[in-house]
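A structural walkthrough
Spelled out, the chains give:
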Amino acid sequence: EAAQKQVKDGRPDTAIGAIEAANKKYPMAGYAYNLAVLYKDKGNTALTLKYLDQAISLATNNSEKTSTLAFALADRGALKSNQGKYKEALEDYTRLLTLCQKGHPVNSVSALLKEYTKLAMGEKARAELGLKQYDKSIADCSKVIALSPRNGLAYQMRGLAYQGQGKSALAEADFKKAHSLGITAATNL
């Protein structure tokens, strides 16, 4: 709570110091994840990854830390994808998807995992697209569209995968659908 107040008051370095001290004495997934978020906000990729790795390590096989594990896997996958490390991102999103499919007995965590299923599948498709695994990307985009038919980004990514396969008519149809749903910019691939 004190660290959150320090961040809110514009003193993130003080918050980082407090959380790092607590994490050093009592390593916890939540501390590590919060440090990753703070370092991400500061633009320090190396420390962001260090603390995401620690959060994932501490939260793995601990059902009370399922939410933290989901957040950390999603964030690390996004960071790896943005770095062009699609294979590593794909591993994180595949692991996140597996975690989501396991479910959880607590309703709020179960609801979070249901939402993260769509995120994980979509980001997995993006990583597959980056790896030029077009068939897999198309399959995952189609699953996202089945779960969320108004997901314009899924149509756009599937269109890019079709384009990569040389199927211009299918690509054009998906690009048109994406545009009708408000997606007009290309993905970052």
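The structure reproduced in this document is the subject of the present report. In this text, all values refer to a predicted model and were calculated from it rather than measured experimentally. (Residues numbered from 1 in each chain as written. Predicted model: local features only at pLDDT ≥ 70, side-chain atom pairs only at ≥ 80, totals over all residues. Heavy atoms only, no water.)

Section: the packing of helix α4 (residues 45-59) against helix α5 (residues 66-82)
Each packed pair of helices is defined by two parameters, the angle between the axes and the distance between the axes. Axis separation between α4 and α5 bottoms out at 9 Å; the angle between their running directions is 145°. Every pair of crossing elements has a handedness; the one defined by α4 and α5 is left-handed. Residue-level contacts link T45, T48, L49, L52, D53, A55, I56 and A59 of α4 to L69, A72, L73, D75, R76, L79 and K80 of α5. (Axes fitted to C-alpha atoms, helices over the stretch in contact; angles between N-to-C directions. Helix = DSSP H or I, 4+ residues; strand = E, 2+ residues; numbered from the N terminus. Left-handed = near helix turned anticlockwise from the far one by under 90°. Contact = heavy atoms within 4.5 Å.)

Examining the state of the cysteines
In this structure the tally under the stated criterion is 0 disulfides. Of all cysteine sulfurs in the structure, the one in C141 sits closest to C100, which takes part in no disulfide; the separation is 17 Å. (Disulfide = S-S within 2.5 Å.)

Thoughts on α5
Helix length check: α5, at 17 residues, gives a terminal C-alpha distance of 24 Å against a target of 24 Å (1.5 Å per residue), a fit within 8%. Counting buried positions along α5 gives 12 out of 17 residues, so the element sits mostly inside the fold. Buried residues along α5 sit against α3 (29-42), α4, α6 (86-102) and α7 (107-130). Phi for G84, located one or two positions after α5, is positive at around 80°. (Expected span 1.5 Å × (residues − 1). Buried < 20%, exposed > 50% of the residue type's maximum accessible area, 1.4 Å probe, protein only.)

Notes on the packing of aromatic side chains
A full pass over the atoms with the stated rule returns 3 aromatic pairs. Their ring planes at 5° and their centres at 5.9 Å tell us that Y39 and Y51 sit as a pair that is stacked. Residue Y39 is located in helix α3, and its partner Y51 is located in helix α4; the two are separated by 12 residues in the primary sequence. Across this residue pair, the class does not change: Y39 and Y51 are buried. Between F71 and Y116, the ring centres sit 5.9 Å apart and the planes meet at 65°, which makes this aromatic pair edge-to-face. Placement of the pair is F71 in helix α5 and Y116 in helix α7, with a sequence separation of 45 residues. The class for F71 is partly exposed, based on a relative accessible area of 27%. Pairwise contacts between aromatic rings join Y33, F71 and Y116 into one cluster. (Phe/Tyr/Trp six-rings, centres within 6.5 Å; stacked < 30°, edge-to-face > 60°.)

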